[in-house]
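Listed below, chain by chain, are the residues.
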Amino acid sequence: MMAEKPQPVRVLYCGVCSLPAEYCEFGPDFNKCKPWLIQNAPDLYPQLITEANSKEVDRVTEQFHSTGVSSSGGHAAAATAPSGGGSAPKQEEVKRLPGGKVKKKEKPEVVIEKVVRNRRKCITTVKGLDLFGVKLSDASKKLGKKFATGASVVKGPTEKEQIDVQGDIAYDIVEFITDSWPDVPESAIFFIEDGKKVPAA
């Protein structure tokens, strides 16, 4: 039996400083490389995405305060409202999205998606556990321990927190979720396959 021919290693070079992407932080100007790295090599520097997201959250929160809407409820709105308008109590708290759209109440569901990055690394994202009262930081520790891999809570593209688990554990994770958190029914767990939502049950 012939030995398998070794495949050449593919190196991702930074489009800004032309160093291999994993060495950018040691390069001449890491700050200039950051936007390129967030776009092209997010798994190499996950802290950059967290940093970028926190800046974006601060910016959106500032916008909310300037328009008199608070992302955490109605308390800050009263403080920032003009003093001439009276102080009628808020009857119902409505979450408003930027642009004045009213956020619809979502049906709680857990969405599991497998994401392949750089054609090599696979990450399983778990969204929506917090809608069932699960603390995401505890859940990420449990998942990391169960599957002996890295797991962290990150902000997703829609500014919602999600759990990123290193590796392809999409189909093993359903049983673990329903066993660990009985409040999460299997009927509320979905997979994203080829861009479509598929029930896990």
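If you check an unreviewed UniProt entry, the chain appears there as Translation machinery-associated protein 22 from Cephalotus follicularis. According to its UniProt record, the chain has this under Sequence similarities (unreviewed entry): "Belongs to the DENR family." Its UniProt record gives the chain a comment under Subunit (unreviewed entry), which states: "Interacts with the 40S ribosomal subunit."

Before going further, it helps to examine the pattern of salt bridges. Considering all chains together, one arrives at 3 salt bridges under this definition. Its salt-bridge partner being Glu109, residue Lys197 comes within 2.3 Å of it at the nearest N-O pair. Of this pair, Lys197 sits in strand β6 (residues 196-199) while Glu109 sits in the loop between α3 (75-80) and β1 (110-117), placing them 88 residues apart in sequence. A salt bridge links Glu113 to Lys127; its shortest N-O distance comes to 3.6 Å.

Now for the confidence of the model for the chain. In this model, the chain carries an average pLDDT of 74, and 72% of its residues clear a pLDDT of 70 or more. The lowest-confidence element of the chain is α3, averaging 44 in pLDDT; the highest-confidence one is helix α4 (residues 136-146), averaging 90. Low pLDDT (under 50) marks residues 69-92, which in the prediction has 17 contacts with non-local residues, meaning those over four places away or in another chain.

Right, let's get into the sheet that holds strand β5 (residues 189-193). Spatially, 6 strands are ordered β3-β4-β2-β1-β5-β6 in an open sheet, and the strand pairing comes out mixed. At either end of the open sheet lies a strand with only one pairing partner, and these are β3 (151-155) and β6. Across the sheet, the mean angle separating the axes of adjacent strands is 30 degrees when strand polarity is ignored. Taken together, the 7 bridges between β1 and strand β2 (residues 121-127) define a ladder with antiparallel strand orientation. Of the residues in β2, the one forming a bridge with Val111 is Lys127. The sheet contacts of α4 involve β3 and β4 (161-166), and relative to β4 the element is tilted by about 10 degrees. Taken strand by strand, helix α5 (residues 170-180) contacts β1, β2 and β5, and its axis lies near 170 degrees from that of β5.

If you look at the biggest cluster of nonpolar residues, it comprises 23 residues, and the most contacted ones within it are Val110, Ile112, Leu129, Ile173 and Ile177. Secondary-structure elements contributing two or more residues to this core are β1, α4, β4, α5 and β5. Here this core takes 5 residues from α5, the largest share from any one element. Once residues lying within four places of it in the same chain are set aside, the contact partners of Ile177 are Val110, Ile112, Val126, Leu129, Val184 and Ile189. Core analysis: the next-biggest nonpolar cluster, separate from the first, contains 10 residues, Ala21, Cys24, Cys33 and Tyr45 among them.

Take unusual backbone geometry next. One non-glycine residue with positive phi stands out, namely Ala148, at about 50 degrees. On the secondary structure map, Ala148 appears in the loop between α4 and β3. Ala148 sits in the exposed class, given a relative accessible area of 71%.

This next bit is on the packing of aromatic side chains. How two aromatic rings sit relative to each other is set out by the distance from centre to centre and by the angle between their planes. Per the stated rule, a full pass over the model turns up 2 aromatic pairs. Each ring, one from Phe147 and one from Phe176, has its centre 5.8 Å from the other, and the planes form 75 degrees; the classification is edge-to-face. Of this pair, Phe147 sits in the loop between α4 and β3 while Phe176 sits in helix α5, and the two are 29 residues apart along the sequence. With relative accessibility at 18%, the residue Phe147 sits in the buried group. Judged by its relative accessible area of 14%, Phe176 is buried. Seen from their ring centres, Phe176 and Trp181 are 6.0 Å apart, and the 85 degrees between their planes marks the pair as edge-to-face.

Rules used in this analysis
Residues numbered from 1 in each chain as written. Predicted model: local features only at pLDDT ≥ 70, side-chain atom pairs only at ≥ 80, totals over all residues. Heavy atoms only, no water. UniProt positions renumbered as here; feature names shortened; annotations may be inferred. Salt bridge = Lys/Arg side-chain N within 4 Å of Asp/Glu carboxyl O. Helix = DSSP H or I, 4+ residues; strand = E, 2+ residues; numbered from the N terminus. pLDDT = per-residue confidence, 0-100. Contact = heavy atoms within 4.5 Å. Pairing = 2+ DSSP bridges. Axes fitted to C-alpha atoms, helices over the stretch in contact; angles between N-to-C directions. Core = buried A, V, L, I, M, F, W, Y, C linked by side-chain atoms within 4.5 Å. Buried < 20%, exposed > 50% of the residue type's maximum accessible area, 1.4 Å probe, protein only. Phe/Tyr/Trp six-rings, centres within 6.5 Å; stacked < 30°, edge-to-face > 60°.

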